[in-house]
Amino acid sequence: MMSINNYGWDLHFEREWNEKFAYGKATELSNGSPRCLPVHAGPAADCVNCSSRQPGRIIADYGQILKVAVDDGELNVNRPVQKLENDMQMAVGDWVVLEYAAETQAICIRSVLTRKTKFSRAAAGIEVKEQILAANVDTVFIIQSLNRDFNMRRLERYLIAAWESGAIPVVVLTKADCCDDIPDKVAVVNYTAPGVEVHAISCVTGEGIEEIRKYFAYGKTVALLGSSGVGKSTLVNTLIGEELLKTQAIREDDSRGRHTTTHRELVLLPGGGLILDTPGMRALSLWEADAGMEIMFSDVEELVRLCRFNDCRHQSEPGCAIRESLDTGKLEMERWENWLKLQKELAHLEARKEGKQRLLEKQWSKQISKFQKQFHKGRM
Ligand SMILES: Nc1nc2c(ncn2[C@@H]2O[C@H](COP(=O)(O)OP(=O)(O)OP(=O)(O)O)[C@@H](O)[C@H]2O)c(=O)[nH]1
Ligand SMILES: [Mg+2]
Ligand SMILES: [Zn+2]
């Protein structure tokens, strides 16, 4: 029978659920009846909400409506209007606490369980904000097509974000049927992504499809990320063996995708395992990158630490390990320049985050002083 275990519910979530949300596990009141903790202070037996609380996983995001998988099927619930505790964002892949609210006679989301992993980017627009694209993902397929979308600088960026997410990245190169130098391309990827598995596949000939099925073990989640038109939805359809998701040919004039997929959706594969299709991205703006940069550029970061001066600008200072390595060819110029570019971008992002923080603090202190004034007035 289908249960939330199919969707990846495991001991990690079970433990948090039992500690914080389970019915009947709470401490006893002095009169002996069980008390519902921590959500309601009253006796659990009287609490309609408690007895109808259940966990669910967000499997599709339609904006205002979220589709949630529960033990006995699927539910559509409204995205909560009021902010949840800790100002939690919700994303496809999240495990949430559902509760029947007697006041509105509707099922609503009370809380989000602690994520195992999350893949984020900086949200588009002027506001400095995190956008979570996928939660509780085990493996990230970074997808590029072998004919038109092949770009190592872009791949680097996705890899940084993927390592940062806590999930394991895998590079999947699609449209192998349209490429006659696959080994060369794979070698280029291996150089850019050392230690990462690389697969060349084709949804037309079926090449490589069986090999990637190993990532879809029971309850495991794989997210597909990449530009529009690289064949993400086609891969989902190929793996499930039917035309479930809409796909569309790329444009002839500039060979870009048409942004066919418009929402994120988690699909259960017949053999177990889950696959998350996402809309193609124009750009991936990094949000956090410390761990990702350390993994992707450990050689460069190590060299920077070896420079004689702490504030070395790596230009003409004596004892500069970077210059030395560039001269001997140990460090590739392109790689160095790319590291510099990423550093600049991340420093800019940090400055924007700090600016926002200062602004919030300013607004807050304004509010406090207003409150204090009112308070003093009231006492006079
Ligand atoms: N030749 C060839 N074409 C493919 C392959 N996989 C996908 N395509 C084609 O590429 C086009 C785009 O595929 P989609 O699956 O819609 O791409 P997508 O990544 O989901 O695009 P968005 O939803 O816009 O992000 C379609 O015309 C597919 O038929 C493949 O392995 N070989
Ligand atoms: Mg698609
Ligand atoms: Zn230096």
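On a predicted model such as this, the values are computed, not experimentally measured, just so you know.

Asks: What am I meant to see in the overall build of the chain here?
Replies: When its secondary structure is counted, the chain shows 10 helices and 13 strands. Relative to its 380 residues, the chain shows a buried fraction of 46%. Pairs at least 24 residues apart make up 61% of the contacts formed inside the chain by residues separated by at least 6 positions. Counting every atom, the chain has about 20800 Å² of accessible surface; 51% of that belongs to carbon and sulfur.

Asks: What am I meant to see in the environment of F297 here?
Replies: Position of F297 among the secondary structure elements: in the loop between α7 (290-296) and α8 (298-306). Note: C-alpha distance between F297 and E156 (141 residues apart in sequence) is 9.9 Å. Once residues lying within four places of it in the same chain are set aside, the contact partners of F297 are E156, I160, R335, N338, W339 and L342.

Asks: Would you mind going over the packing of α8 against helix α9 (residues 321-328) with me for this structure?
Replies: Relative orientation and spacing of two packed helices are given, respectively, by the angle between their axes and the distance between those axes. Packing of α8 against α9 leaves a shortest axis separation of 7 Å and a crossing angle of 125°. The angle between the axes of α8 and α9 places the two elements in the oblique class. On α9, the residues touching V300, L303, V304 and L306 of α8 are A321, I322 and S325. Of the residues assigned to the contact of α8 with α9, the class counts are six nonpolar, one polar and no charged.

Asks: In this structure, what is going on with the coordination of the zinc ion (ligand 3)? I would like to understand it.
Replies: For a metal bound by four donors in tetrahedral geometry, the ideal donor-metal-donor angle is 109.5 degrees, whereas six donors in octahedral geometry ideally sit at 90 or 180 degrees. In the first shell of the zinc ion (ligand 3), the protein supplies C307 (SG), C312 (SG), H314 (ND1) and C320 (SG), at 2.1 to 2.4 Å from the metal. In this structure, the zinc ion (ligand 3) is surrounded by four donor atoms whose angles at the metal cover 102 to 117°, and the resulting shape is tetrahedral. Positions of the donor residues of the zinc ion (ligand 3), expressed as sequence spacing, correspond to C-x4-C-x1-H-x5-C. Within this pair, whereas C307 is found in the loop between α8 and α9, its partner C320 is found in the loop between α8 and α9, the two being separated by 13 residues in sequence. Comparing C307 with C320, the two get one shared label, buried.

Asks: Sorry if this is basic, but what is going on with helix α4 (residues 182-192) here?
Replies: Note that an α-helix has 3.6 residues per turn; residues three or four places apart therefore point the same way. Listed as buried for α4 are I182, K185, V189 and T192. Around the axis of α4, the buried residues are gathered within 90° of arc, so they sit on the same side. For α4, the exposed residues set more than 90 degrees away from the buried face come down to P183 and Y191. Lining the buried residues of α4 we find α3 (152-165), β9 (168-174), β10 (197-200) and α7.

Asks: Is there a simple way to think about the coordination of the magnesium ion (ligand 2) in this case?
Replies: For the magnesium ion (ligand 2), every protein donor is listed as S233 (OG) and T261 (OG1), and the spread of their distances is 2.0 to 2.1 Å. Residue S233 is found in helix α6 (residues 232-240), and its partner T261 is found in the loop between α6 and β12 (265-268); the two are separated by 28 residues along the sequence. Note on accessibility: S233 and T261 belong to one class, buried.

Rules used in this analysis
Throughout, a residue's number is its position along its own chain's written sequence, starting from 1. For this description, chains carry letters from A and ligands carry numbers from 1, given in the order in which they are written. Totals for whole chains, interfaces and linings use every residue, but because this is a predicted model, local features are given only for residues with pLDDT of at least 70 and side-chain atom pairs only at 80 or more, for both listing and counting. Side-chain numbers come from the whole structure's heavy atoms, not from hydrogens or water. Strands here are runs of E lasting at least two residues and helices are runs of H or I lasting at least four, both read from the DSSP assignment and numbered beginning at the N terminus. Type-normalised accessible area, obtained with a 1.4 Å probe on protein chains alone, sets the label of each residue: buried when under 20%, exposed when over 50%, and partly exposed for intermediate values. Residues are treated as being in contact if the distance between any of their heavy atoms lies within 4.5 Å. Computed with a 1.4 Å probe, the accessible areas rest on the Shrake-Rupley method; for each residue, only the protein chains presented here act as cover. Note on definitions: angles span 0 to 180 degrees between N-to-C directions of axes, and those axes are lines fitted to C-alpha atoms, for helices only across the stretch in contact. An angle counts as roughly parallel when it lies under 35 degrees, as roughly antiparallel when it exceeds 145, as roughly perpendicular when it falls between 65 and 115, and as oblique in every other case. Gly is put with the polar residues, along with every residue not named as nonpolar or charged; the nonpolar set is Ala, Val, Leu, Ile, Met, Phe, Trp, Tyr, Cys and Pro, and the charged set is Asp, Glu, Lys and Arg. We call an atom a donor if it is N, O or S and sits within 2.8 Å of the metal, or 3.2 Å for Na, K and Ca. Water is not counted, so some sites may look partial. Under the classification used here, a metal with four donors is tetrahedral if each angle lies between 85 and 135 degrees, square planar if opposite donors are over 155 degrees apart and the others between 65 and 115, a six-donor metal meeting that same test is octahedral, and anything else is irregular. What the arc measures is the spread of directions leading from the helix axis to the C-beta atoms.

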